[in-house]
Amino acid sequence: MSTLLLKNADMLVTMDATRREIAGGGVFIRDNVIEAVGAVHELPSGADEVIDLAGHVLMPGLINTHHHMYQSLTRAIPAAQDAELFDWLQALYPIWAHLTPEMIRVSTQTAMAELILSGCTTSSDHLYIYPNGCRLDDAIEAAREIGMRFTATRGSMSVGQSQGGLPPDSVVEKEDDILRDTRRLIETYHDASRHSMLHIAVAPCSPFSVSRELMRESAVLAREYGVRLHTHLAENVKDVSYSLEKFGMTPAEYAESLGWTGNDVWHAHCVQLDDAGINLFARSGTGVAHCPCSNMRLASGIAPIPKMREAGVPVGLGVDGSASNDGAHMLGEARQAMLLARVGFGQSAMNARQALEIATLGGARVLGRDDIGAIAPGMSADCVAFATDSVGMAGGAVHDAVAALIFCASPQVAYSVINGRVVVSAGKLTTVDLPAVVQRHNALAQQLAALARAAEAP
Ligand SMILES: [Zn+2]
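Everything quoted here is computed from the prediction, not taken from an experiment. (Residues numbered from 1 in each chain as written. Predicted model: local features only at pLDDT ≥ 70, side-chain atom pairs only at ≥ 80, totals over all residues. Heavy atoms only, no water.)

1. Quick notes on the coordination of the zinc ion
Stated precisely, the cut-off is as follows: Each metal's donors are the N, O and S atoms within 2.8 Å of it, or within 3.2 Å when it is Na, K or Ca, and because water is not part of the set, sites may look incomplete. Only two sets of limits are used to name each site, 85 to 135 degrees for every angle of a tetrahedral four-donor site, and over 155 degrees for opposite donors with all other angles from 65 to 115 for a square planar four-donor or octahedral six-donor site, with any other site named irregular. Every helix listed is a DSSP run of H or I at least four residues long, and every strand listed is a run of E at least two residues long, numbered separately from the N terminus. Per-residue accessibility, obtained with a 1.4 Å probe over protein chains only, is compared with the maximum for each type, and a residue is labelled buried under 20%, exposed over 50%, and partly exposed between these values.
At this site the zinc ion is bound by H66 (NE2), H68 (NE2), H232 (NE2) and D320 (OD), with donor distances of 2.1 to 2.6 Å. Classification of the site at the zinc ion as irregular follows from its four donor atoms and the range of 85 to 175° in their angles at the metal. All donor residues of the zinc ion come from one chain, and their arrangement in sequence is H-x1-H-x163-H-x87-D. Note that H66 is positioned in the loop between β6 (62-64) and α1 (85-96) and H232 in strand β10 (residues 228-233), a separation of 166 residues in sequence. Each member of the pair, H66 together with H232, is buried.

This is the structure in structure tokens:
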């Protein structure tokens, strides 16, 4: 048994049922669970470890619902800098074909470090390419080491170019192998208990890279085990055209026809989800991972998030893969969600607190969790603190420190507690040697590009 007291925060944002914000608030944590929340006089006066958060805003850890962490190795690749989705993918697939298990492990750790320092405590990752002996186990190992709460999704691609799909044949897998490995991963790793640090989800990459049969069988398999389903859907207009031409249905109709709607499913992007699709998602409780930076980077459009939320669709936030959003900052993503909503739908489309709600409670719902996303007794002990005395917050935090976190330039966390463990202290990661990880990551990124160049050479 160990206890941790976070006290004296200038403002504590709870995201609890009444959205309390408590000046001078704190949190008392026993092991990995929040035991008490409130002003100083409402909390025990001591604990095994005490952190004084005067000059900080304390809030629930942010939740990232969509990522491809291996893509940290291929940020800002010149050939993919200015492309839209399909051309972007075709520029990158041949490079990704040279990934190795070490590259998966180190890039996952790099991406998680970046996320944690930006306020994220739970992330999903969508790994859908497994060349050269790469396994989802490599990503899981990285998450355990750094101490991040994780939804690892077993992605897949099975329809290569020779079958009318988008990816080259060299990076697709056989469908029987995909399903067998997915079963193995669920049976080995999925922990459905409250405060679980690891969920497995089933995640064929997209309708344009797997077959109808794999989509259907994946849904059956996921429900057999009670795990969640995840894929990309209706990302841009070409994605919709592909669906109409190939399947004679909109992406939402296609998803429904395969069993891919329900409160155990979340789809990334949904930028081009039509009104019928929004109603279907709302009725069925199907979730959406909104990725505003990636949508801007690839010129995919503006997802109708206010309309979705109005209709009752569960919406979480995703930074998306590091090659289509080269700056994975979770608080920054919430800022972009607010700004982009205003570009698309007007000044009142989203405010700062709504953006924070999507990044916390929204993400928890989309990942099927009721033990994270808020600071309240009985919740998992995932809390982050941002300093309010930085130059970037100057003149903002004094008026409304909570809103300033979204309106001002996005800061890094000063403290992060994940599952009761202090993972960031005074701005420094405590669980891994970050400079060494980044150095190795950069060497591997160069190696990956060199392998791709060598394979292309005549
Ligand atoms: Zn994605």
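2. Considerations on the environment of R149
Put simply, the rule reads: Note on definitions: a residue-residue contact is assigned when non-hydrogen atoms from the two residues lie within 4.5 Å. For this analysis, a polar contact is any N or O atom pair within 3.5 Å, provided that within protein one partner can donate a hydrogen and the other can accept it, and provided that sequence-adjacent residues contribute only side-chain to side-chain pairs.
Along the polypeptide, R149 turns up in strand β8 (residues 149-156). R149 sits in the buried class, given a relative accessible area of 0%. Those residues within four positions of R149 in sequence are excluded, and the remaining contacts are T121, T122, S123, H195, S196, M197, R369, I372, S380, D382, I418 and N419. Reaching out from R149, the side chain makes a polar contact with the backbone oxygen of H195 at a distance of 3.0 Å.

3. Regarding the nonpolar core
Note the following rule: Definition of nonpolar core: a set of buried residues of the types Ala, Val, Leu, Ile, Met, Phe, Trp, Tyr and Cys, connected through side-chain atoms within 4.5 Å.
Judged by nonpolar contacts, the single largest core of 152 residues is most densely connected at L6, W88, W96 and L99. The biggest single contributor to this core is helix α2 (residues 101-117), with nine residues. Core analysis: the next-biggest nonpolar cluster, separate from the first, contains nine residues, I63, A201, A268 and A364 among them.

4. A look at the pairing of strand β16 (residues 421-425)
Rule in force here: Two strands are counted as paired when DSSP detects at least two bridges linking them.
Of the pairings in the sheet, the one linking strand β15 (residues 415-418) to β16 comprises three bridges and is antiparallel in character. Among the inter-strand pairings, S416 is bridged to a residue of β16, identified as V424. Joining the antiparallel neighbours β15 and β16 is a turn of two residues, in which N419 adopts a positive phi near 55°. Examined bridge by bridge, β16 and strand β17 (residues 428-429) share two bridges and lie antiparallel to one another. What sits directly across from S425, in β17, is K428. Between the antiparallel neighbours β16 and β17 lie two residues, among them A426 with a positive phi of about 50°.

5. Some words on the pairing of strand β9 (residues 198-204)
Short version of the rule: We call a crossover right-handed when, viewed with the strands running away from us, the connection from the first strand over the helix to the second turns clockwise.
For β9, the buried fraction is high: seven of the seven residues fall into the buried class. Taking every second residue as pointing to the same face, both faces of β9 are buried, with L198, I200, V202 and P204 on one and H199, A201 and A203 on the other. Bridge count for β8 against β9 is seven bridges, and the pairing is parallel. Paired with T151 across the bridge in β9 is H199. Chirality of the crossover, the property in question, places the unit of β8, helix α4 (residues 175-189) and β9 among those that are right-handed. Here β9 pairs with β10 via two bridges, running parallel. Note that in β10 the partner of A201 across the bridge is R228.

6. Re the pattern of salt bridges
What counts here: Criterion for a salt bridge: a side-chain nitrogen of Lys or Arg within 4 Å of a carboxyl oxygen of Asp or Glu.
Applying the stated criterion to the full structure yields 22 salt bridges. Measuring nitrogen to oxygen at the nearest pair gives 3.1 Å for the salt bridge that ties D370 to R194. Residue D370 is located in the loop between α12 (352-366) and β14 (383-387), and its partner R194 is located in the loop between α4 and β9; the two are separated by 176 residues in the primary sequence. D370 sits in the exposed class, given a relative accessible area of 59%. Members of the salt-bridge network, linked through shared partners, are R135, D137, R154, E173, D181 and R184.

7. Some details on unusual backbone geometry
The phi torsion at N8 lies on the positive side, around 65°, for a residue other than glycine. Backbone geometry at C270 places phi at a positive 55°, although glycine is not the residue there. Inspection of the secondary structure assignment puts C270 in the loop between β11 (265-269) and α8 (275-284).

8. Examining α8
Operational definition: Here, the arc refers to the directions that run from the helix axis to the C-beta atoms.
Residues of α8 that are buried: G277, I278, L280 and F281. Take α8 and look down its axis: the buried residues cluster within an arc of 160°, on one side only. For α8, exposure combined with an orientation more than 90 degrees from the buried face picks out A276 and R283. On its buried face, α8 sits against β10, α7 (251-257), β11, β12 (287-290) and α10 (305-311). The positive-phi residue at the C-terminal boundary of α8 is G285, with phi of around 75°.

9. Some points on a nonpolar patch on the surface
The line we're drawing: Only residues whose relative accessible area exceeds 30% and that form no salt bridge enter a patch; like-charged residues are grouped when within 9 Å of one another, and nonpolar side chains (Val, Leu, Ile, Met, Phe, Trp, Tyr) when within 5 Å. In these tables, accessible area is a Shrake-Rupley quantity obtained with a 1.4 Å probe, and a residue counts as shielded only by the protein chains included in the view.
Where nonpolar side chains cluster on the molecular surface, the patch consists of I302, V343 and F345 and spans about 270 Å² of accessible area. Examined against the element boundaries, I302 turns out to sit in the loop between α9 (292-297) and α10.

10. Examining the environment of P251
Mapped onto the elements, P251 comes out in helix α7. Taking the relative accessible area as the measure of exposure, P251 reaches 6% and is therefore buried. Residues P251 and D239, spaced 12 residues apart in sequence, show a C-alpha to C-alpha distance of 8.1 Å. With near-sequence residues (within four places) excluded, P251 lies in contact with L233, A234, V240 and S243.

11. Thoughts on the side chain of H56
Positionally, H56 belongs in strand β5 (residues 56-60). A relative accessible area of 12% places H56 in the buried class. With residues near it in sequence (within four places) discarded, H56 still touches A9, D10, M11, A385, F386, A387, T388, A414 and Y415.

In short, shape yes, function no, at least from these values alone.
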